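# Structural overview
If you want the building blocks of each chain, they are given just below.
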Amino acid sequence: MSGAELSLVISVFLASAVEAVEAFTIVLAIGSTRDWRSALLGVGVATAILAILVLALGPALTSLPIGVLRLVVGGLLLVFGLQWLRKAILRAGGVLATHDEIAAFERETQAAEGVVAAHGDFDGYSFSVALKAVLLEGLEVAFIVLTFGANQNRVGLAAVAGAVAVIAVLAVGAAAHAPLSRVPENAMKFAVGILLTSFGAFWGAEGAGATWPGGDAALPAVVLVVAACSLLLVAELRRARVGVCGSPS
Amino acid sequence: MRKPLVRLGALAGVWEFVVGDDWQTALGIVLALGLTALVAAADVTAWWVMPLAALALLRSSVRRRSRLSAALRDGAGVERKRAPSSEL
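Here is what the cut-offs are and how they apply
- Residues numbered from 1 in each chain as written.
- Chains lettered and ligands numbered in written order.
- Predicted model: local features only at pLDDT ≥ 70, side-chain atom pairs only at ≥ 80, totals over all residues.
- Helix = DSSP H or I, 4+ residues; strand = E, 2+ residues; numbered from the N terminus.
- Rg over C-alpha atoms; globule rule 2.2 N^0.38 Å.
- Buried ≥ 20, exposed ≤ 12 C-beta atoms within 10 Å, placed from the backbone.
- Contact = placed C-beta atoms within 7 Å.
- Nonpolar A, V, L, I, M, F, W, Y, C, P; charged D, E, K, R; others polar.
- Axes fitted to C-alpha atoms, helices over the stretch in contact; angles between N-to-C directions.
- Left-handed = near helix turned anticlockwise from the far one by under 90°.
- Core = buried A, V, L, I, M, F, W, Y, C linked by C-beta atoms within 7 Å.
- Expected span 1.5 Å × (residues − 1).
- Arc of directions from axis to C-beta.
- pLDDT = per-residue confidence, 0-100.

This part takes up the overall build of chain A. What chain A contains, in helices and strands, is 8 helices and 0 strands. Ordered by position from the N terminus, the helices and strands of chain A form the series α-α-α-α-α-α-α-α. By the compact-globule yardstick of 18 Å for 249 residues, chain A fits well, its C-alpha radius of gyration being 20 Å. Its C-alpha atoms put chain A at 65 × 60 × 25 Å along the principal axes. Counting all 249 residues of chain A, 50% fall into the buried class. For chain A, the share of sequence-separated contacts (at least 6 apart) that also reach a separation of at least 24 residues comes to 88%.

And the structure:
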């Protein structure tokens with residue numbers, strides 16, 4: 001496996017695992033409070049929609065000329081990666097609260113209990129909440145699978161990495177039968193943000209006509225620079241917060 | 001009448017999904033890609049433009065959100081009402 005393929009697998013695996021943990025919390029809350037069968041049906045329909053999306057758009061994207069593909073995908077990855085990275089930096093810097101799976105589980109459980117119980121076998125509420133959760137969280141993963149995979153002509157490999165992550169989360173979740181609150185979601189989001197931003201800048205520049213010194217060998221250097229600057233931003237935010245909290249009012 | 005509304009809704013959904021709450025960063029990326037293309041077309045080394053732009057955009061985006069957060073915190077705890085829902 002080449003370095004680029006390894007980066008693809010790591011990025012897609014981490015992104016899929018983070019999103020799967022979030023979707024799992026919601027489905028677990030709905031299923032255990034209301035109706036497992038309807039919730040799982042929602043999960044199945046959402047998964048089918050996502051699979052169709054990847055199957056339909058994958059070949060279309062890979063048929064684009066490589067220059068255009070890199071320009072478009074690079075730009076999109078940058079927009080997306082900077083959003084992930086900003087959120088992770090703000091959380092690590094203490095500006096935003098970190099994502100709490102137990103709190104999310106309690107929120108979803110309370111909301112589910114507040115809705116009138118279903119009559120008959122099918123619970124529309126469980127179905128629609130599970131469908132929406134998996135579809136929304138899964139769309140981000142599908143986007144990463146498509147962009148990363150298409151750019152290296154390895155959509156299949158990216159899809160497998162995503163599927164393995166989801167299966168791993170489901171296996172651990174089913175064994176624990178509780179929200180996966182100990183998964184270091186922010187650290188994983190931080191890593192994915194760094195990778196998406198670095199690949200976005202790298203491919204975007206290539207697509208726009210730039211040539212990297214050393215070719216693909218320049219990519220690890222870009223990753224290191226983006227990671228170092230992100231950590232500096234976290235340190236800067238923490239310092240500013242200590243300054244504010246420590247200053248006399 | 002219904003079709004244009006559906007299309008508009010779909011476009012809004014795509015915008016929300018891709019651009020999110022930070023259009024300045026998205027615009028900055030488009031401008032940086034354009035600048036890279038111009039510099040490369042002029043036969044000048046252009047690889048440095050994108051990483052530099054990405055880091056500058058990240059810094060300004062983090063600072064903007066951090067300032068907004070501080071302002072909301074000072075404004076009697078109205079953060080939950082006004083902060084982008086994606087970040088709560």
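A word on the interface of chain A and chain B. Opposite the 31 residues of chain A that make contact, chain B presents 30 residues. When residues of the side of chain A that touches chain B are traced back to their parent elements, those giving at least two are helix 3 (66-92), helix 7 (185-207) and helix 8 (219-246) of chain A. No other element matches the 12 residues that helix 3 of chain A contributes to the side of chain A that touches chain B. Of the residues contributing to the side of chain A that touches chain B, the split by class is 23 nonpolar, 6 polar and 2 charged.

Let us look at the packing of helix 3 of chain A against helix 5 (residues 124-151) of chain A. Residues and elements named next belong to chain A. The contact between helix 3 and helix 5 brings their axes to 10 Å, and the two run at 145 degrees. Handedness of the crossing formed by helix 3 with helix 5: left-handed. Here Leu69, Arg70, Val73, Leu76, Leu77 and Phe80 of helix 3 lie close against helix 5, whose contacting residues are Phe143, Thr147, Ala150 and Asn151. Considering only residue class, the contact of helix 3 with helix 5 consists of 7 nonpolar, 2 polar and 1 charged.

Moving on: the nonpolar core. Val12, Val27, Ala130, Val145 and Ala205 of chain A together with Ala54 of chain B are the most contacted members of the largest nonpolar core, which totals 97 residues. In this structure Val27 of chain A touches Ala39, Val43, Ala130 and Ala133 of chain A, once residues within four positions along its chain are discounted.

Packing of helix 3 of chain A against helix 2 (residues 23-41) of chain B leaves a shortest axis separation of 10 Å and a crossing angle of 150 degrees. Of the two elements, helix 3 of chain A crosses helix 2 of chain B, and the hand of that crossing is right-handed. Contacts between helix 3 of chain A and helix 2 of chain B pair Leu71, Gly75, Leu78, Val79 and Leu82 of chain A from the former with Thr25, Ala26, Ile29, Val30 and Leu33 of chain B from the latter. Class assignment for the residues of the contact of helix 3 of chain A with helix 2 of chain B results in 8 nonpolar, 2 polar and no charged.

Residues and elements named next belong to chain A. Spanning 22 residues, helix 6 (residues 155-176) covers 32 Å between terminal C-alpha atoms, matching the ideal 32 Å at 1.5 Å per step. Among all positions of helix 6, only Val155, Ala158, Ala159, Ala161, Gly162, Ala165, Val166 and Val169 are buried. All buried residues of helix 6 project into a common sector of 160 degrees when viewed along the axis, lining one side. The exposed set on the far side of helix 6, more than 90 degrees from its buried face, consists of Gly156, Ile167, Ala171, Ala174 and Ala175. Of the surrounding secondary structure, the elements contacted by the buried residues of helix 6 are helix 1 (3-33), helix 2 (36-62) and helix 5.

Residue and element names in this part refer to chain A. Take Leu219: it is sitting in helix 8. With 151 residues separating them in the primary sequence, Leu219 and Val68 have C-alpha atoms 20 Å apart. Non-local contacts of Leu219, meaning those with residues more than four positions away in its chain, are made with Ser198 and Phe202.

Further remarks concern the confidence of the model for chain B. The predicted structure's coordinates, where accompanied by low pLDDT, should not be read in detail. All names here are of chain B. On average, residues of chain B carry a pLDDT of 81, and 82% of them reach 70 or more. Mean pLDDT values for the elements of chain B range from 49 in helix 4 (residues 79-82) up to 95 in helix 2. For this predicted complex, the interface confidence reaches an ipTM of 0.78, while the overall pTM sits at 0.81.

As for its position among the elements, Ile26 of chain A is in helix 1. Along the primary structure Ile26 of chain A and Ala46 of chain A are separated by 20 residues, whereas in three dimensions their C-alpha atoms are 14 Å apart.

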